[in-house]
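An overview of the molecular structure
What follows is each chain in one-letter form.
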Amino acid sequence: MGLPYFEINGGTRLRGTVRVSGAKNAALPIMAAAILCEGEVILRDVPRVADVFSLAELLIKLGVDVERRADGALRLVTRDEMNCRAEYDIVRKMRASICVLGPLLAKRHQAQVSMPGGCAIGDRPVDLHLRAMRLLGADVDLVAGDIVARAKRLRGREIFLGGPFGSTVLGTANAMMAATLAEGVTVIEMAACEPEVADLANFLNKCGASISGHGTPRIVVEGVRELHGCEYTIIPDRIEAGTLMVAGAITNGELTLENCRLDHLMAFVDRLAAIGVNVEKTDKGVVVSSARRLEPVDVTTQPFPGFPTDLQAQLMALLCVADGNSIITEKIFPDRFLHVAELNRMGAHLRKEGPTVIVEGVKRLVGAPVMASDLRASAALVLAGLAARGTTKVNRIYHLDRGYERFDDKLRAVGADITRKEGGDDAG
Ligand code: EPU
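The sections below set out a description of the structure shown in this document. In this text, all values refer to a predicted model and were calculated from it rather than measured experimentally. (Residues numbered from 1 in each chain as written. Predicted model: local features only at pLDDT ≥ 70, side-chain atom pairs only at ≥ 80, totals over all residues. Heavy atoms only, no water.)

A few points about the packing of aromatic side chains
Rules: In this scheme Phe, Tyr and Trp rings, the latter by its six-membered ring, pair at centre separations within 6.5 Å, and the angle between planes marks the pair as stacked below 30 degrees, edge-to-face above 60, and tilted otherwise. Numbering goes from the N terminus for both helices and strands, where a helix is a DSSP run of H or I of at least four residues and a strand is a run of E of at least two. Classification of residues uses two cut-offs on accessible area relative to the type maximum, computed with a 1.4 Å probe and protein chains only: under 20% is buried, over 50% is exposed, and between them is partly exposed. Cation placement over rings: the criterion is NZ of Lys or CZ of Arg within 6 Å of the ring centroid and within 35° of the ring normal.
Evaluation of the coordinates by the stated rule reveals three aromatic pairs. With a centroid separation of 5.7 Å and 50° between ring planes, the pair formed by Phe268 and Phe307 is classed as tilted. Here Phe268, found in helix α9 (residues 266-275), pairs with Phe307, found in the loop between β20 (298-300) and α10 (312-319); they are 39 residues apart in sequence, far enough to count as distant. In terms of burial, Phe268 and Phe307 fall into one category: buried. Aromatic pair Tyr404 and Phe407: ring centres 4.7 Å apart, planes at 40°, arrangement tilted. Classification of Tyr404 as buried rests on a relative accessible area of 2%. We classify Phe407 as buried; its relative accessible area is 1%. Between Arg92 and the ring centre of Tyr88, over which it is positioned, the NZ or CZ distance is 6.0 Å.

This is the structure in structure tokens:
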């Protein structure tokens, strides 16, 4: 049988309109936050991606009913508060499972969450999450690979969340969720400013929480006794939008993106403009088109509102065919470069020096069999395949399915020659 893979025949210009899905990285913590709520939570625009299915599976084990309604909305209601354990089997599949830690501790006074390991994008410690829980008054131990946390009642206080690579997105989410039901006021300093964190805060406020300052590095949470459910629409996925922008640009095409928030993509659009890609807001959506000649640029990933690490691999694919040398520096996950060797198999000229990659632009990429290593690297290989001469086979696309909703269908609808096939190669 083998695994699913994509076969892509490159060289067609993409043209047409694509709707961007709801943001995976906003939907995941918001789904976990349903643990905190009494009553029904209805979420609109939750993408149908494997990570959402995995978290739904975990929440069901934790006593939350999760149901996709006929109108597409996700309905979550807590039925039973007995189980407080997220096992290794599920955390190993998806690190974002760590975001049940704060809600379980705040609502059920205990949590046992398997300690996430590293992953393809590098070491991914959770020390800042644990620091936040301890500062809020929890006893936290590591027992046989599990984080075991307990607290009769959490108490608000000041929490500094800065680490060697800046703040932490899911750490901020965990601290904020735990603080909603704590006694007194919590101030999170050096909080992550990502739009997904602000979306979580907006959701929690709609449920009766009292959070201010979200979207800035200083978030203030006044604890409340109880949260209720609400209906909420998840923000558009800025990373999917950015990936689609590159798809338009790398094929010299013209795409119109519906449900796209340019205010969440300023650093990315700034780099696209420097490369020579036009991005314009119109009544119909955001229109992306590209001139023939692409200019090289330098780019450094940073916390929001800087250039997102989750678009580093995709921009690299585009810069592979720019006219000159570009420099890409990764400041969030310095080892997030497994796509470099694969892109080189397609004729790119990339040289890695520590956390930096020097991209020497080539005239064109050439189709080849390649292997996806993580979610965003998979997207970069698909983008390269769309521009390459000949056929590209992207193996291990289960990585891509974790975070892109019907990506192949969306690309095909705007003219890409991409087919999902069975029988892929999983040789490691
Ligand atoms: N860090 C620590 N200690 C911690 C937590 C993080 O040192 O306790 C470090 C990390 O090692 C990294 C930096 O802080 O160097 C930032 O990591 P962060 O905690 O912000 O990452 P995350 O919250 O685990 C989320 C996204 C990632 C995205 C990063 C950075 C979700 C579900 N995941 O992860 O998304 O790359 O923020 O923006 O929201 C993806 O979607 O492909 C993806 C990997």
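The structure having been displayed, the exposition proceeds.
Some points on the packing of helix α4 (residues 101-108) against helix α6 (residues 169-180)
Packed helix pairs are characterised by how far apart their axes lie and by the angle those axes make with each other. Inclusion rule: For helices, the fitted line uses only the C-alpha atoms of the stretch in contact; every axis is such a line through C-alpha atoms, and the angle between N-to-C directions lies from 0 to 180 degrees. What sets the label is the angle itself: under 35 degrees gives roughly parallel, over 145 gives roughly antiparallel, 65 to 115 gives roughly perpendicular, and the rest give oblique. Each crossing gets its hand from how the near helix is turned against the far one by less than a right angle, where anticlockwise is left-handed and clockwise is right-handed. Note on contacts: a residue pair qualifies if any of its non-hydrogen atoms lie within 4.5 Å across the two residues. The classification used treats Ala, Val, Leu, Ile, Met, Phe, Trp, Tyr, Cys and Pro as nonpolar, Asp, Glu, Lys and Arg as charged, and all other residues, Gly among them, as polar.
As a packed pair, α4 and α6 sit with axes 7 Å apart at the nearest point and diverge in direction by 10°. Comparing their axes, α6 and α4 come out roughly parallel. Where α4 crosses over α6, the handedness of that crossing is right-handed. Residue-level contacts link Leu101, Gly102, Pro103 and Ala106 of α4 to Asn174, Met177 and Ala178 of α6. For the contact of α4 with α6, the per-class residue count stands at five nonpolar, two polar and no charged.

Concerning the pairing of strand β22 (residues 349-353)
Short version of the rule: The rule for pairing is simple: two strands pair if DSSP sees at least two bridges between them.
Sheet topology places β22 next to strand β23 (residues 356-360); five bridges connect them, and they run antiparallel. From the neighbouring strand, His349 faces β23, where its bridge partner is Glu360. Connecting β22 to the antiparallel partner β23 that follows it, the hairpin turn spans two residues, and Gly354 within it adopts a positive phi of roughly 60°.

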